[in-house]
Amino acid sequence: QVQLVESGGGLVQPGGSLRLSCVVSESWFMFSVMGWYRQAPGKERVLVAAITNGSDRNYADAVKGRFTISRDNAKNTVYLQMNTLKPEDTGVYFCHGKRFGLPYWGQGTQVTVSS
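As the structure is a prediction and not an experimental result, all values here were calculated from the model.

Participant: Please explain the sheet that holds strand β7 (residues 67–72) as it appears in this structure.
Facilitator: By way of backbone hydrogen bonds, the strands of a sheet pair with one another, either parallel or antiparallel. If you walk across this open sheet you meet the four strands as β1-β3-β8-β7, and the pairing is antiparallel. The sheet is open, and its two edges are formed by β1 (4–7) and β7, each paired on a single side. Across this sheet, the average inter-strand angle for adjacent strands is 15 degrees, counted without regard to direction. Both strand β3 (residues 18–24) and strand β8 (residues 77–82) contribute to a ladder of six bridges, which runs antiparallel. Paired with Leu 18 across the two strands is Met 82, which belongs to β8.

Here it is, written out as structure tokens:
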């Protein structure tokens with residue numbers, strides 16, 4: 001049974017940092033790509049960052065230079081380090097992965113950037 005469990009969200013002031021974690025219930029190498037999506041209130045879910053099992057990375061233009069996606073292979077965990085946070089980064093962040101062509105989603109973790 002495949003499960004993706006996110007953690008690390010919270011309330012931070014603008015300019016602050018958070019690190020999100022996504023723990024995968026099995027070896028994440030079974031996933032062709034994993035990433036983080038954000039859904040802001042009243043808006044669609046959009047890709048923030050993605051990483052392949054070959055360590056290729058993609059970022060949304062709005063977060064380039066501020067966010068870093070990475071993984072810990074031994075812990076089957078994918079991270080999203082978020083620095084210099086802005087109010088527009090606010091939303092529910094979902095861990096996502098594709099395994100044998102099938103999509104998997106975590107439950108989401110709330111990130112709120114506000115003074």
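Here the narrative resumes.
Participant: It is not clear to me how the pattern of salt bridges should be interpreted in this structure. Could you clarify?
Facilitator: Pairs can form between side chains of opposite charge whenever their charged atoms are close. One pass over the structure, following the stated rule, counts four salt bridges. Put simply, Asp 89 and Arg 38 hold a salt bridge, and the shortest N to O gap is 4.0 Å. Here Arg 38 lies in strand β4 (residues 31–39) and Asp 89 lies in the loop between β8 and β9 (91–99), a separation of 51 residues in the sequence. Each member of the pair, Asp 89 as well as Arg 38, is classed as buried. Between Lys 64 and Asp 61 there is a salt bridge, with its nearest N and O atoms 3.0 Å apart. Residue class for Asp 61 comes out exposed when judged on its relative accessible area of 64%.

Participant: I would appreciate a short explanation of the pairing of β8 in the present structure.
Facilitator: In regular strands, side chains alternate between the two faces of the sheet. Along β8, five of the six residues are buried, which leaves the element largely enclosed by surrounding structure. Across six bridges, the pairing between β7 and β8 is antiparallel. Each bridged residue has a counterpart across the sheet, and for Phe 67 the counterpart in β8 is Met 82. Between β7 and β8, which follow one another and run antiparallel, lie four residues, and Asn 76 among them has a positive phi close to 50 degrees.

Participant: What am I meant to see in the nonpolar core here?
Facilitator: Nonpolar side chains in soluble globular proteins generally cluster together in the buried interior. By size, the foremost hydrophobic cluster in this structure holds 25 residues, and its most contacted members are Met 34, Trp 36, Leu 80, Met 82 and Tyr 93. Apart from residues lying up to four places away in sequence, Tyr 93 is in contact with Glu 6, Leu 20, Trp 36, Tyr 37, Arg 38, Val 48, Phe 67, Leu 80, Met 82, Gly 108, Thr 109 and Val 111.

Participant: Whenever I open this one, the packing of aromatic side chains confuses me. Can you help?
Facilitator: Given two aromatic rings, one states the distance between the centres and the angle between the planes to describe the pair. Evaluation of the coordinates by the stated rule reveals three aromatic pairs. Between Phe 31 and Tyr 104, the ring centres sit 5.8 Å apart and the planes meet at 80 degrees, which makes this aromatic pair edge-to-face. Linking Phe 31 in strand β4 with Tyr 104 in strand β10 (residues 102–105), this pair joins segments that are 73 residues apart in sequence. By relative accessible area, Phe 31 is classed as buried at 0%. Summarising the aromatic geometry, the rings of Tyr 37 and Trp 105 are spaced 5.0 Å apart at their centres and angled 65 degrees between planes, so their arrangement reads as edge-to-face. On the criterion of sequence distance, the pair formed by Tyr 37 in strand β4 and Trp 105 in strand β10 is long-range, its members being 68 residues apart. Residue classification places Trp 105 among the partly exposed positions, given a relative accessible area of 35%.

How each quantity is defined
- Residues numbered from 1 in each chain as written.
- Predicted model: local features only at pLDDT ≥ 70, side-chain atom pairs only at ≥ 80, totals over all residues.
- Heavy atoms only, no water.
- Pairing = 2+ DSSP bridges.
- Helix = DSSP H or I, 4+ residues; strand = E, 2+ residues; numbered from the N terminus.
- Axes fitted to C-alpha atoms, helices over the stretch in contact; angles between N-to-C directions.
- Salt bridge = Lys/Arg side-chain N within 4 Å of Asp/Glu carboxyl O.
- Buried < 20%, exposed > 50% of the residue type's maximum accessible area, 1.4 Å probe, protein only.
- Core = buried A, V, L, I, M, F, W, Y, C linked by side-chain atoms within 4.5 Å.
- Contact = heavy atoms within 4.5 Å.
- Phe/Tyr/Trp six-rings, centres within 6.5 Å; stacked < 30°, edge-to-face > 60°.

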